[in-house]
Amino acid sequence: MTAPIRVLVADDHMIVRTGIRHVLESEAGFEVVGEAATGAEALALAAKLKPDVVVLDISMPGESGLQLAARIRDSSPEPRVLILSMHDNAEYVLESVRAGAHGYLLKDTAATELRGAVRAVAQGESYFSPPIASRLSAVVRGDLAVEASPAGLLAQLTGREREVLIGVTRGLTNKEIAAELGISHRTVETHRESLMRKLCLRSVAELTRFALETGVIGG
């Protein structure tokens with residue numbers, strides 16, 4: 001018999017992890033070897049368990065799924081990463097690929113598609129939800145510009161990056177933002193660098209103007 005595909009599920013919501021476990025283990029050929037509720041747990045379990053596939057929520061507390069995908073790739077190259085997300089933003093998907101993810105699946109996917117995606121990624125293929133694949137094809141053809149409007153750019157940011165953006169525009173220092181959010185100073189720096197890179201902005205004034213334009217903060 002073929003060995004089952006060993007899967008690590010990383011999502012901060014227990015009900016989501018339980019649902020994914022049920023979907024996968026309800027069919028032969030899959031084994032959920034571990035669950036992680038935080039980025040730190042996901043990183044540690046990926047190194048310890050060496051699963052075939054990590055199903056990774058893009059919005060993990062502390063670190064985004066994109067950051068975790070890159071760190072898992074660097075520290076534990078064996079697992080393949082399948083990003084699970086609510087966002088169908090093309091730039092989000094491109095960032096996932098750049099971070100080392102092997103697939104991108106929308107959270108409203110059917111159970112059969114989830115199993116098919118995990119199976120494809122485990123076999124060395126890439127997998128993208130059909131709506132995502134269509135948008136990426138359009139980007140490649142040049143029929144669709146990657147979302148460059150303020151609203152489109154905002155959609156690229158993780159929840160934590162938005163919180164850091166708000167802190168920056170309020171005039172808080174990195175240490176003050178860290179204390180307010182309950183994360184480390186270094187993590188704030190990482191989020192700040194990431195959001196400025198995604199937005200192609202270089203100063204607090206530019207960040208503030210962007211936040212005003214998108215309604216993140218009031219005028």
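Analysis parameters
Residues numbered from 1 in each chain as written. Predicted model: local features only at pLDDT ≥ 70, side-chain atom pairs only at ≥ 80, totals over all residues. Heavy atoms only, no water. Core = buried A, V, L, I, M, F, W, Y, C linked by side-chain atoms within 4.5 Å. Buried < 20%, exposed > 50% of the residue type's maximum accessible area, 1.4 Å probe, protein only. Helix = DSSP H or I, 4+ residues; strand = E, 2+ residues; numbered from the N terminus. Contact = heavy atoms within 4.5 Å. Arc of directions from axis to C-beta.

Draft legend 1. Highlighting the nonpolar core. With 24 residues, the main nonpolar core has Leu 56, Ile 72, Val 81, Ile 83 and Tyr 104 as its most contacted residues. Going through the elements one at a time, β1 (5-10), α2 (39-49), β3 (53-57), α3 (65-75), β4 (80-85), α4 (90-98) and β5 (103-106) are the ones with two or more residues in this core. Among the elements that make up this core, the one with the highest residue count is α3 (five residues). Residues contacting Tyr 104, with those up to four places away along its chain left out, are Ile 58, Leu 82, Ile 83, Ser 85, His 87, Tyr 92, Val 93, Ser 96, Tyr 127, Phe 128, Ser 129 and Ile 132. If you look at the next biggest cluster of nonpolar residues, it comprises 19 residues, including Val 9, Ile 20, Leu 24 and Tyr 127.

Draft legend 2. Highlighting α2. Listed in full, the buried residues belonging to α2 are Gly 39, Ala 42, Leu 43 and Ala 46. Projected down its long axis, α2 shows its buried positions confined to an angular sector of 95 degrees, all on one face. For α2, the exposed residues set more than 90 degrees away from the buried face come down to Ala 40 and Lys 48. Against the buried residues of α2 lie β1, β2 (30-36) and α3. Once α2 finishes, Lys 50 follows within two positions and takes phi at roughly 50 degrees, a positive value.

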